[in-house]
Amino acid sequence: MGERTEFEPGDKAPNDGEYTEVGEASFHTEINNPKRVKLKKGDTFPETTNKDRKWKKLTKARVH
């Protein structure tokens with residue numbers, strides 16, 4: 001089983017890094033002005049802009 005890539009508000013960050021909001025179908029619809037946060041391992045993810053969004057590490061959130 002691999003490492004999780006999407007996180008809910010209140011989850012703990014698995015690694016240091018920059019995380020950004022993604023939508024349920026982020027590859028179909030682009031989010032305007034997504035929130036970005038820099039977290040250290042063990043920090044808690046803040047609330048997202050709306051309930052349908054999740055946090056994802058910035059390097060993994062890029063669209064091809």
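No experiment lies behind these values; they were computed from the predicted model shown. (Residues numbered from 1 in each chain as written. Predicted model: local features only at pLDDT ≥ 70, side-chain atom pairs only at ≥ 80, totals over all residues. Heavy atoms only, no water.)

1. With respect to the overall build of the protein
Helix and strand counts for the protein come out as one helix and four strands. Reading the protein from its N terminus to its C terminus gives the helix and strand order β-β-β-β-α. For the protein, with 64 residues in total, the buried portion stands at 25%. Considering only contacts within the protein whose residues lie at least 6 apart along the sequence, 63% involve residues at least 24 apart. Element-wise, carbon and sulfur atoms account for 47% of the exposed surface of the protein, whose accessible area totals about 4900 Å². (Helix = DSSP H or I, 4+ residues; strand = E, 2+ residues; numbered from the N terminus. Buried < 20%, exposed > 50% of the residue type's maximum accessible area, 1.4 Å probe, protein only. Contact = heavy atoms within 4.5 Å. Areas by Shrake-Rupley, 256 points an atom, 1.4 Å probe, with all protein chains shown as cover.)

2. What to know about the packing of aromatic side chains
Under the criterion given, the structure shown has four aromatic pairs. When the ring of Phe7 is compared with that of Tyr19, the centres are 6.2 Å apart and the planes differ by 85°; the resulting orientation is edge-to-face. Of this pair, Phe7 sits in strand S1 (residues 6-7) while Tyr19 sits in strand S2 (residues 17-22), and the two are 12 residues apart along the sequence. Each member of the pair, Phe7 as well as Tyr19, carries the same accessibility label: buried. Geometrically, the ring pair formed by Phe7 and Phe45 is stacked, given 5.1 Å between the ring centres and 10° between the ring planes. One end of the pair, Phe7, is in strand S1; the other, Phe45, is in the loop between strand S3 (36-39) and strand S4 (54-57), and 38 residues separate them in sequence. For the residue pair Phe7 and Phe45, the accessibility class agrees, reading buried in each case. What links up through ring pairs into an aromatic cluster is the set Phe7, Tyr19, Phe45 and Trp55. (Phe/Tyr/Trp six-rings, centres within 6.5 Å; stacked < 30°, edge-to-face > 60°.)

3. Comments concerning the pairing of S2
Taken together, the four bridges between S2 and S3 define a ladder with antiparallel strand orientation. Of the residues in S3, the one forming a bridge with Glu18 is Lys38. Here S2 pairs with S4 via four bridges, running antiparallel. Across the sheet, residue Val22 finds its bridge partner in S4, namely Lys54. (Pairing = 2+ DSSP bridges.)

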